[in-house]
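# Analysis of the macromolecular model
Below are the chains, spelled out letter by letter.
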Protein chains: 2
Amino acid sequence: MKELIDKIRAEGIALNEEVLKVDSFINHQVDTVLMDRIGETFAEHFKNHGITKVLTVESSGIAPAVFAAKHMGLDLVVLKKSTSKILGGEVYQSTVSSFTKGTRYELTLAKKFISPEDRVLFIDDFLANGQAAMGFVQLMEKAGAKIGGIGILIEKSFQSGRKMLDDLGLDVYSLARIRKMNEGMITFES
Amino acid sequence: MKELIDKIRAEGIALNEEVLKVDSFINHQVDTVLMDRIGETFAEHFKNHGITKVLTVESSGIAPAVFAAKHMGLDLVVLKKSTSKILGGEVYQSTVSSFTKGTRYELTLAKKFISPEDRVLFIDDFLANGQAAMGFVQLMEKAGAKIGGIGILIEKSFQSGRKMLDDLGLDVYSLARIRKMNEGMITFES
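Here the structure is a predicted model, which is why all the values come from computation and not from measurement.

## Things to note about the interface of chain B and chain A
- Each partner contributes to the interface: chain B provides 32 residues, whereas chain A provides 32 residues.
- It is His28, Gln29 and Lys70 of chain B in chain B that bury the most area against chain A; as a group they hold 25% of the surface buried on that side.
- Summed over the shared surface of chain B and chain A, the result is 4 salt bridges.
- Our count for the chain B to chain A interface comes out at 17 residue pairs in polar contact (both at pLDDT 80 or more).

Here's what the structure looks like:
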(Lines give C-alpha, C1' and ligand atoms only; values in the text may rest on other atoms or scores of the structure.)
Protein backbone atom coordinates (compact mmCIF):
# COMPACT_ATOMS: atom_id res chain seq x y z
CA MET A 1 0.00 0.00 0.00
CA LYS A 2 1.69 3.10 -1.29
CA GLU A 3 0.45 5.58 1.38
CA LEU A 4 1.79 3.41 4.20
CA ILE A 5 5.14 2.76 2.52
CA ASP A 6 5.54 6.48 1.81
CA LYS A 7 4.75 7.28 5.44
CA ILE A 8 7.29 4.73 6.70
CA ARG A 9 9.91 6.22 4.35
CA ALA A 10 9.12 9.71 5.63
CA GLU A 11 8.70 9.09 9.38
CA GLY A 12 9.74 5.54 10.26
CA ILE A 13 13.03 5.27 12.14
CA ALA A 14 15.08 2.07 11.78
CA LEU A 15 17.13 1.83 14.98
CA ASN A 16 18.95 -1.38 14.05
CA GLU A 17 18.39 -4.62 12.10
CA GLU A 18 15.21 -5.44 14.02
CA VAL A 19 13.60 -2.35 15.58
CA LEU A 20 11.53 0.08 13.52
CA LYS A 21 9.99 3.05 15.33
CA VAL A 22 6.64 4.18 13.93
CA ASP A 23 5.42 6.07 16.99
CA SER A 24 4.56 9.25 15.10
CA PHE A 25 1.72 7.63 13.10
CA ILE A 26 0.87 4.15 14.52
CA ASN A 27 2.04 3.36 18.06
CA HIS A 28 1.82 6.54 20.13
CA GLN A 29 0.55 9.29 17.86
CA VAL A 30 -2.01 7.88 15.40
CA ASP A 31 -2.60 9.25 11.90
CA THR A 32 -6.37 8.72 11.80
CA VAL A 33 -6.77 9.47 8.09
CA LEU A 34 -4.15 6.84 7.24
CA MET A 35 -5.64 4.31 9.70
CA ASP A 36 -9.08 4.75 8.12
CA ARG A 37 -7.58 4.17 4.64
CA ILE A 38 -5.78 1.09 5.95
CA GLY A 39 -9.04 -0.23 7.41
CA GLU A 40 -10.77 0.35 4.08
CA THR A 41 -7.96 -1.47 2.24
CA PHE A 42 -8.27 -4.54 4.50
CA ALA A 43 -12.08 -4.48 4.16
CA GLU A 44 -11.74 -4.42 0.37
CA HIS A 45 -9.15 -7.23 0.28
CA PHE A 46 -11.09 -9.58 2.59
CA LYS A 47 -14.61 -8.73 1.42
CA ASN A 48 -15.29 -12.16 -0.13
CA HIS A 49 -13.73 -14.21 2.67
CA GLY A 50 -16.96 -14.65 4.66
CA ILE A 51 -15.51 -12.85 7.69
CA THR A 52 -17.89 -12.64 10.68
CA LYS A 53 -15.64 -10.91 13.22
CA VAL A 54 -12.39 -8.91 13.37
CA LEU A 55 -9.84 -9.58 16.13
CA THR A 56 -6.75 -7.71 17.23
CA VAL A 57 -4.43 -7.47 20.24
CA GLU A 58 -4.30 -4.48 22.58
CA SER A 59 -3.19 -1.83 22.14
CA SER A 60 -1.54 -0.66 18.90
CA GLY A 61 -3.61 -2.98 16.71
CA ILE A 62 -6.85 -1.36 17.83
CA ALA A 63 -6.83 1.77 15.63
CA PRO A 64 -6.42 0.03 12.24
CA ALA A 65 -8.59 -2.94 13.28
CA VAL A 66 -11.52 -0.81 14.46
CA PHE A 67 -11.62 1.00 11.10
CA ALA A 68 -11.40 -2.31 9.20
CA ALA A 69 -14.27 -3.75 11.26
CA LYS A 70 -16.32 -0.58 10.76
CA HIS A 71 -15.83 -0.73 6.99
CA MET A 72 -16.90 -4.40 7.04
CA GLY A 73 -19.93 -3.67 9.25
CA LEU A 74 -18.60 -6.08 11.91
CA ASP A 75 -17.77 -6.10 15.61
CA LEU A 76 -14.15 -5.97 16.73
CA VAL A 77 -12.86 -8.14 19.56
CA VAL A 78 -9.73 -6.91 21.34
CA LEU A 79 -7.60 -9.74 22.75
CA LYS A 80 -6.26 -8.81 26.20
CA LYS A 81 -2.71 -9.27 27.41
CA SER A 82 -3.21 -10.72 30.88
CA THR A 83 -0.26 -11.14 33.19
CA SER A 84 -1.72 -14.24 34.80
CA LYS A 85 -3.59 -17.38 33.90
CA ILE A 86 -7.28 -17.03 34.69
CA LEU A 87 -8.84 -20.11 36.25
CA GLY A 88 -12.37 -21.16 35.51
CA GLY A 89 -14.11 -21.82 32.24
CA GLU A 90 -14.94 -18.33 30.98
CA VAL A 91 -11.91 -17.54 28.81
CA TYR A 92 -9.53 -19.05 26.29
CA GLN A 93 -5.86 -18.24 26.91
CA SER A 94 -2.62 -18.83 25.06
CA THR A 95 0.88 -17.92 26.25
CA VAL A 96 2.86 -15.46 24.12
CA SER A 97 6.56 -14.76 24.64
CA SER A 98 8.04 -11.66 23.06
CA PHE A 99 11.75 -12.28 22.48
CA THR A 100 12.54 -8.70 21.52
CA LYS A 101 10.83 -7.17 24.54
CA GLY A 102 11.62 -9.99 26.95
CA THR A 103 7.99 -10.11 28.06
CA ARG A 104 5.47 -12.90 28.44
CA TYR A 105 1.70 -12.65 28.66
CA GLU A 106 -1.49 -14.65 28.35
CA LEU A 107 -3.46 -13.69 25.25
CA THR A 108 -7.02 -13.75 26.58
CA LEU A 109 -10.41 -14.06 24.89
CA ALA A 110 -13.78 -14.42 26.63
CA LYS A 111 -15.53 -17.52 25.32
CA LYS A 112 -18.83 -15.69 24.91
CA PHE A 113 -17.38 -13.54 22.10
CA ILE A 114 -16.33 -16.40 19.82
CA SER A 115 -18.09 -19.46 18.43
CA PRO A 116 -17.31 -22.33 16.02
CA GLU A 117 -19.53 -20.53 13.48
CA ASP A 118 -17.13 -17.57 13.40
CA ARG A 119 -14.70 -16.92 10.57
CA VAL A 120 -12.19 -14.44 11.90
CA LEU A 121 -9.93 -11.76 10.40
CA PHE A 122 -6.92 -11.01 12.60
CA ILE A 123 -5.29 -7.57 12.26
CA ASP A 124 -2.06 -6.41 13.86
CA ASP A 125 0.43 -3.60 13.38
CA PHE A 126 3.58 -5.75 13.05
CA LEU A 127 4.46 -9.26 11.91
CA ALA A 128 8.00 -10.23 12.95
CA ASN A 129 8.56 -13.56 14.71
CA GLY A 130 4.82 -14.18 14.59
CA GLN A 131 4.43 -14.83 18.31
CA ALA A 132 1.22 -12.80 18.71
CA ALA A 133 -0.22 -14.22 15.48
CA MET A 134 0.56 -17.80 16.60
CA GLY A 135 -1.11 -17.04 19.94
CA PHE A 136 -4.16 -15.96 17.96
CA VAL A 137 -4.04 -19.17 15.86
CA GLN A 138 -3.96 -21.27 19.05
CA LEU A 139 -6.93 -19.37 20.50
CA MET A 140 -8.93 -20.07 17.34
CA GLU A 141 -8.05 -23.78 17.60
CA LYS A 142 -9.28 -23.83 21.20
CA ALA A 143 -12.48 -22.04 20.19
CA GLY A 144 -13.00 -24.22 17.11
CA ALA A 145 -13.38 -21.04 15.04
CA LYS A 146 -12.13 -20.60 11.47
CA ILE A 147 -9.45 -18.15 10.36
CA GLY A 148 -10.54 -16.13 7.33
CA GLY A 149 -7.31 -14.14 7.00
CA ILE A 150 -4.56 -12.14 8.63
CA GLY A 151 -4.02 -8.45 7.88
CA ILE A 152 -0.70 -6.85 8.83
CA LEU A 153 0.41 -3.24 8.52
CA ILE A 154 4.18 -3.81 8.54
CA GLU A 155 5.78 -7.19 7.90
CA LYS A 156 9.46 -7.79 8.51
CA SER A 157 9.80 -10.48 5.84
CA PHE A 158 13.30 -11.42 7.00
CA GLN A 159 11.96 -12.73 10.31
CA SER A 160 10.23 -16.06 10.80
CA GLY A 161 6.56 -15.05 11.25
CA ARG A 162 5.53 -14.88 7.61
CA LYS A 163 6.84 -18.35 6.76
CA MET A 164 5.21 -19.86 9.84
CA LEU A 165 1.78 -18.51 8.82
CA ASP A 166 2.29 -19.42 5.15
CA ASP A 167 3.13 -22.99 6.22
CA LEU A 168 -0.24 -23.17 7.98
CA GLY A 169 -1.89 -22.21 4.68
CA LEU A 170 -3.22 -18.93 6.04
CA ASP A 171 -4.01 -15.95 3.83
CA VAL A 172 -1.63 -13.23 5.07
CA TYR A 173 -2.02 -9.77 3.56
CA SER A 174 0.69 -7.27 4.55
CA LEU A 175 0.46 -3.63 3.47
CA ALA A 176 4.20 -2.94 3.73
CA ARG A 177 6.87 -5.67 3.54
CA ILE A 178 10.37 -4.90 4.70
CA ARG A 179 13.08 -7.09 3.15
CA LYS A 180 15.88 -5.80 5.33
CA MET A 181 16.78 -2.86 7.50
CA ASN A 182 19.55 -1.35 9.56
CA GLU A 183 20.22 1.94 11.34
CA GLY A 184 18.78 4.63 9.07
CA MET A 185 18.11 2.21 6.21
CA ILE A 186 14.89 0.42 5.18
CA THR A 187 14.54 -1.76 2.07
CA PHE A 188 11.03 -2.82 1.04
CA GLU A 189 10.10 -5.91 -0.95
CA SER A 190 9.48 -4.77 -4.51
CA MET B 1 -26.80 10.09 24.01
CA LYS B 2 -29.77 7.83 23.54
CA GLU B 3 -28.03 5.01 21.58
CA LEU B 4 -25.39 4.57 24.28
CA ILE B 5 -27.89 4.67 27.16
CA ASP B 6 -30.10 2.14 25.35
CA LYS B 7 -27.08 -0.12 24.82
CA ILE B 8 -26.08 0.10 28.50
CA ARG B 9 -29.67 -0.76 29.51
CA ALA B 10 -29.65 -3.74 27.13
CA GLU B 11 -26.14 -5.16 27.69
CA GLY B 12 -24.45 -3.39 30.62
CA ILE B 13 -24.14 -5.50 33.76
CA ALA B 14 -24.01 -3.73 37.12
CA LEU B 15 -22.11 -6.08 39.45
CA ASN B 16 -22.35 -3.90 42.56
CA GLU B 17 -22.47 -0.22 43.54
CA GLU B 18 -19.28 0.58 41.65
CA VAL B 19 -18.54 -1.93 38.88
CA LEU B 20 -20.37 -1.80 35.54
CA LYS B 21 -19.41 -4.40 32.92
CA VAL B 22 -19.64 -3.16 29.33
CA ASP B 23 -17.35 -5.76 27.77
CA SER B 24 -19.81 -6.77 25.04
CA PHE B 25 -19.66 -3.38 23.28
CA ILE B 26 -16.80 -1.22 24.67
CA ASN B 27 -14.03 -3.02 26.59
CA HIS B 28 -13.47 -6.40 24.99
CA GLN B 29 -15.90 -6.73 22.11
CA VAL B 30 -16.35 -3.35 20.41
CA ASP B 31 -19.54 -2.24 18.64
CA THR B 32 -17.87 -0.31 15.79
CA VAL B 33 -21.07 1.31 14.50
CA LEU B 34 -21.81 2.69 17.98
CA MET B 35 -18.18 3.82 18.48
CA ASP B 36 -18.26 5.69 15.16
CA ARG B 37 -21.52 7.42 16.19
CA ILE B 38 -19.97 8.30 19.56
CA GLY B 39 -16.91 9.75 17.80
CA GLU B 40 -19.20 11.80 15.56
CA THR B 41 -21.14 13.07 18.59
CA PHE B 42 -17.94 14.25 20.34
CA ALA B 43 -16.70 15.87 17.10
CA GLU B 44 -20.00 17.75 16.78
CA HIS B 45 -20.03 18.89 20.43
CA PHE B 46 -16.42 20.12 20.46
CA LYS B 47 -16.27 21.50 16.90
CA ASN B 48 -15.94 25.17 17.98
CA HIS B 49 -13.46 24.56 20.80
CA GLY B 50 -10.35 25.07 18.67
CA ILE B 51 -9.12 21.53 19.33
CA THR B 52 -5.77 20.66 17.70
CA LYS B 53 -5.27 17.12 19.02
CA VAL B 54 -7.24 14.28 20.63
CA LEU B 55 -5.74 12.29 23.51
CA THR B 56 -6.83 9.09 25.23
CA VAL B 57 -5.39 6.37 27.47
CA GLU B 58 -4.66 2.84 26.28
CA SER B 59 -6.50 0.68 25.70
CA SER B 60 -10.31 0.92 25.97
CA GLY B 61 -10.38 4.65 25.17
CA ILE B 62 -8.77 4.10 21.77
CA ALA B 63 -11.81 2.95 19.77
CA PRO B 64 -14.10 5.92 20.54
CA ALA B 65 -11.20 8.41 20.52
CA VAL B 66 -9.87 7.34 17.13
CA PHE B 67 -13.31 7.84 15.55
CA ALA B 68 -13.67 11.26 17.24
CA ALA B 69 -10.24 12.33 15.96
CA LYS B 70 -11.05 11.03 12.48
CA HIS B 71 -14.32 13.01 12.39
CA MET B 72 -12.40 16.12 13.50
CA GLY B 73 -9.63 15.57 10.93
CA LEU B 74 -7.04 15.39 13.73
CA ASP B 75 -4.32 13.08 14.99
CA LEU B 76 -4.91 10.96 18.09
CA VAL B 77 -2.24 10.52 20.75
CA VAL B 78 -2.53 7.43 22.95
CA LEU B 79 -1.13 7.94 26.46
CA LYS B 80 0.81 4.87 27.56
CA LYS B 81 0.55 3.16 30.94
CA SER B 82 4.20 2.55 31.85
CA THR B 83 5.06 0.44 34.84
CA SER B 84 8.20 2.44 35.57
CA LYS B 85 9.44 6.00 35.59
CA ILE B 86 11.46 6.75 32.48
CA LEU B 87 14.58 8.79 33.09
CA GLY B 88 15.82 11.37 30.62
CA GLY B 89 14.08 14.31 29.06
CA GLU B 90 12.02 12.72 26.30
CA VAL B 91 8.69 12.11 28.05
CA TYR B 92 6.22 13.69 30.44
CA GLN B 93 4.93 11.32 33.13
CA SER B 94 2.32 11.50 35.85
CA THR B 95 1.53 8.81 38.43
CA VAL B 96 -2.00 7.37 38.41
CA SER B 97 -3.34 5.12 41.17
CA SER B 98 -6.48 3.11 40.48
CA PHE B 99 -8.22 2.46 43.79
CA THR B 100 -10.74 0.00 42.34
CA LYS B 101 -8.15 -2.14 40.58
CA GLY B 102 -5.38 -1.65 43.12
CA THR B 103 -2.95 -0.75 40.34
CA ARG B 104 -0.51 2.11 39.84
CA TYR B 105 1.11 3.27 36.62
CA GLU B 106 2.94 6.17 35.01
CA LEU B 107 0.80 7.90 32.39
CA THR B 108 3.37 8.61 29.70
CA LEU B 109 3.47 11.08 26.80
CA ALA B 110 6.42 11.71 24.46
CA LYS B 111 7.27 15.43 24.50
CA LYS B 112 7.54 15.57 20.71
CA PHE B 113 3.80 14.92 20.34
CA ILE B 114 2.60 17.89 22.40
CA SER B 115 3.38 21.61 22.41
CA PRO B 116 2.19 24.76 24.24
CA GLU B 117 0.28 25.66 21.06
CA ASP B 118 -1.90 22.56 21.42
CA ARG B 119 -5.49 22.67 22.65
CA VAL B 120 -6.37 19.12 23.58
CA LEU B 121 -9.57 17.06 23.77
CA PHE B 122 -9.28 14.13 26.19
CA ILE B 123 -11.56 11.12 25.60
CA ASP B 124 -12.02 8.14 27.89
CA ASP B 125 -14.52 5.34 28.34
CA PHE B 126 -15.24 5.88 32.06
CA LEU B 127 -15.16 8.77 34.52
CA ALA B 128 -15.36 7.54 38.13
CA ASN B 129 -12.84 8.84 40.66
CA GLY B 130 -11.16 10.83 37.90
CA GLN B 131 -7.67 9.44 38.47
CA ALA B 132 -6.84 8.96 34.79
CA ALA B 133 -8.36 12.35 33.88
CA MET B 134 -6.37 14.09 36.66
CA GLY B 135 -3.22 12.35 35.36
CA PHE B 136 -4.05 13.82 31.95
CA VAL B 137 -4.57 17.30 33.48
CA GLN B 138 -1.16 17.11 35.17
CA LEU B 139 0.51 16.06 31.90
CA MET B 140 -1.02 19.08 30.15
CA GLU B 141 0.29 21.36 32.92
CA LYS B 142 3.77 19.91 32.48
CA ALA B 143 3.56 20.38 28.72
CA GLY B 144 2.08 23.87 29.01
CA ALA B 145 -0.72 22.79 26.66
CA LYS B 146 -4.35 23.91 26.93
CA ILE B 147 -7.30 21.64 27.63
CA GLY B 148 -10.15 22.19 25.18
CA GLY B 149 -12.52 19.65 26.70
CA ILE B 150 -13.07 16.21 28.15
CA GLY B 151 -15.36 13.66 26.50
CA ILE B 152 -16.55 10.67 28.50
CA LEU B 153 -18.67 7.71 27.41
CA ILE B 154 -19.96 6.66 30.83
CA GLU B 155 -19.82 8.88 33.90
CA LYS B 156 -20.57 7.57 37.36
CA SER B 157 -21.86 10.88 38.70
CA PHE B 158 -21.95 9.59 42.27
CA GLN B 159 -18.17 9.28 42.37
CA SER B 160 -15.76 12.18 42.82
CA GLY B 161 -14.28 12.62 39.31
CA ARG B 162 -16.95 14.86 37.82
CA LYS B 163 -16.83 17.38 40.67
CA MET B 164 -13.03 17.48 40.60
CA LEU B 165 -13.00 18.35 36.88
CA ASP B 166 -15.89 20.84 37.25
CA ASP B 167 -13.94 22.59 40.05
CA LEU B 168 -11.06 23.07 37.61
CA GLY B 169 -13.48 24.80 35.24
CA LEU B 170 -13.11 22.15 32.56
CA ASP B 171 -15.79 21.43 29.95
CA VAL B 172 -16.77 17.81 30.64
CA TYR B 173 -19.23 16.21 28.20
CA SER B 174 -20.49 12.76 29.23
CA LEU B 175 -22.70 10.73 26.91
CA ALA B 176 -24.28 8.61 29.66
CA ARG B 177 -24.44 9.71 33.30
CA ILE B 178 -25.23 7.14 35.96
CA ARG B 179 -26.75 8.55 39.16
CA LYS B 180 -26.58 5.32 41.10
CA MET B 181 -26.30 1.61 40.58
CA ASN B 182 -26.33 -1.72 42.35
CA GLU B 183 -26.41 -5.39 41.39
CA GLY B 184 -28.75 -5.60 38.40
CA MET B 185 -29.91 -1.96 38.74
CA ILE B 186 -28.73 1.17 36.90
CA THR B 187 -30.31 4.62 37.34
CA PHE B 188 -29.33 7.32 34.84
CA GLU B 189 -29.38 11.08 35.45
CA SER B 190 -32.51 12.40 33.79
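## Some words on the packing of aromatic side chains
- Tallied over the full model, the rule gives 7 aromatic pairs over all chains.
- Here the aromatic rings of Phe46 of chain B and Tyr173 of chain B are separated by 6.1 Å at their centres, their planes lie at 80°, and the arrangement is edge-to-face. Of this pair, Phe46 of chain B sits in the loop between helix H3 (32-45) and strand S4 (53-57) while Tyr173 of chain B is found in strand S10 (residues 172-182), placing the two residues 127 residues apart along the sequence.
- For Tyr173 of chain B, a relative accessible area of 24% translates into the label partly exposed.
- Pairwise contacts between aromatic rings join Phe42, Phe46 and Tyr173 of chain A into one cluster.
- The cationic tip of Lys81 of chain A hangs over the ring face of Tyr105 of chain A; the distance from NZ or CZ to the ring centre is 5.2 Å.

## Some remarks on the packing of helix H1 (residues 2-11) of chain B against H3 of chain B
All names here are of chain B.
- At a minimum axis separation of 10 Å, H1 and H3 run at an interaxial angle of 145°. The chirality of how H1 crosses H3 is left-handed. Of the residues in H3, those touching H1 at Glu3, Leu4 and Lys7 are Leu34, Arg37 and Ile38.
- Residues that form the contact of H1 with H3 fall into these classes: 3 nonpolar, no polar and 3 charged.

## Section: helix H3 (residues 32-45) of chain A
Residues and elements named next belong to chain A.
- A rise of 1.5 Å per residue sets the reference length of H3, with its 14 residues, at 20 Å; its end C-alpha atoms lie 20 Å apart and thus fit the reference within 8%.
- Among all positions in H3, only Thr32, Leu34, Met35, Asp36, Ile38, Gly39, Thr41, Phe42 and Ala43 are buried.
- Here H3 starts with a cap whose side-chain oxygen sits 3.2 Å from the backbone nitrogen of Val33, and that cap is Asp31.

## Things to note about the nonpolar core
- Within the largest apolar cluster, 76 residues are counted, with the highest numbers of intra-cluster contacts made by Leu4 of chain A together with Leu4 of chain B.
- Sequence-distant contacts of Leu4 of chain B, that is, excluding residues within four places in its chain, are made with Phe25, Ile26, Leu34, Ile38, Leu153, Ile154, Leu175 and Ala176 of chain B.

## Examining the packing of helix H4 (residues 62-72) of chain A against H3 of chain B
- At their nearest, the axes of H4 of chain A and H3 of chain B sit 9 Å apart, and the two run at 110° to each other. Considering the angle they form, H4 of chain A stands roughly perpendicular to H3 of chain B. Within the contact between the two elements, H4 of chain A uses Val66, Ala69 and Lys70 of chain A and H3 of chain B uses Thr32, Val33 and Asp36 of chain B.
- Across the contact of H4 of chain A with H3 of chain B, the residue classes tally to 3 nonpolar, 1 polar and 2 charged.

## Some thoughts on the relation of the copies chain B and chain A
- It takes a turn of 180° to lay chain B on chain A, together with a shift of 0.0 Å along the axis; the resulting RMSD is 0.0 Å. What the rotation and shift describe, once combined, is the action of a two-fold rotation axis. Minimal C-alpha distance to the rotation axis in chain B is attained by Ser59 of chain B, lying at 2.7 Å.
- Most of the interface of chain B is mirrored in chain A: 100% of its interface residues are interface residues there too.

## A word on the confidence of the model for chain A
- Chain-level pLDDT for chain A is 96 on average; 99% of the residues reach the 70-or-more range.
- For this predicted complex, the interface confidence score (ipTM) comes to 0.96, while the overall pTM stands at 0.97.

## Things to note about the environment of Leu109 of chain A
- Position of Leu109 of chain A relative to the elements: it lies in strand S7 (residues 103-110).
- Note: C-alpha distance between Leu109 of chain A and Lys81 of chain A (28 residues apart in sequence) is 9.4 Å.

## Remarks on the pairing of strand S8 (residues 119-127) of chain A
Residues and elements named next belong to chain A.
- Extensive coverage of S8 is indicated by the burial of 7 of its 9 residues.
- Sheet analysis places strand S4 (residues 53-57) next to S8, joined by 3 bridges and oriented parallel. Looking at S8, one finds that Val54 is bridged to Leu121.
- The pairing of S8 with strand S9 (residues 146-156) spans 8 bridges and is parallel. Following the sheet pairing, Leu127 is matched in S9 by Glu155.

## Considerations on the pattern of salt bridges
- One pass over the structure, following the stated rule, counts 30 salt bridges over all chains.
- Across the pair Asp31 of chain A and Lys7 of chain A runs a salt bridge, and its minimum N-O distance is 3.3 Å. Here Lys7 of chain A lies in helix H1 (residues 2-11) and Asp31 of chain A lies in the loop between strand S3 (29-30) and H3, a separation of 24 residues in the sequence.
- A salt bridge links Arg37 of chain B to Glu40 of chain B; its shortest N-O distance comes to 3.1 Å. With a gap of 3 residues between them, Arg37 of chain B and Glu40 of chain B both fall in helix H3, about one helical turn apart.

## Concerning the pairing of strand S11 (residues 185-188) of chain A
All names here are of chain A.
- In this structure, strand S10 (residues 172-182) lies alongside S11, joined through 4 bridges in antiparallel fashion. Each bridged residue has a counterpart across the sheet, and for Lys180 the counterpart in S11 is Thr187.
- Taken together, S10 and the strand that follows it, S11, pair antiparallel across an intervening segment of 2 residues, in which Gly184 is found at a positive phi of about 75°.

What counts and how
- Residues numbered from 1 in each chain as written.
- Chains lettered and ligands numbered in written order.
- Predicted model: local features only at pLDDT ≥ 70, side-chain atom pairs only at ≥ 80, totals over all residues.
- Heavy atoms only, no water.
- Contact = heavy atoms within 4.5 Å.
- Buried area = accessible area lost by both parts, 1.4 Å probe.
- Salt bridge = Lys/Arg side-chain N within 4 Å of Asp/Glu carboxyl O.
- Polar contact = N/O pair within 3.5 Å; in protein donor to acceptor, adjacent residues only side chain to side chain.
- Phe/Tyr/Trp six-rings, centres within 6.5 Å; stacked < 30°, edge-to-face > 60°.
- Helix = DSSP H or I, 4+ residues; strand = E, 2+ residues; numbered from the N terminus.
- Buried < 20%, exposed > 50% of the residue type's maximum accessible area, 1.4 Å probe, protein only.
- Lys NZ or Arg CZ within 6 Å of the ring centre and 35° of its normal.
- Axes fitted to C-alpha atoms, helices over the stretch in contact; angles between N-to-C directions.
- Left-handed = near helix turned anticlockwise from the far one by under 90°.
- Nonpolar A, V, L, I, M, F, W, Y, C, P; charged D, E, K, R; others polar.
- Expected span 1.5 Å × (residues − 1).
- Core = buried A, V, L, I, M, F, W, Y, C linked by side-chain atoms within 4.5 Å.
- Parallel < 35°, antiparallel > 145°, perpendicular 65-115°, else oblique.
- Least-squares fit on C-alpha atoms with pLDDT ≥ 70 in both.
- pLDDT = per-residue confidence, 0-100.
- Pairing = 2+ DSSP bridges.

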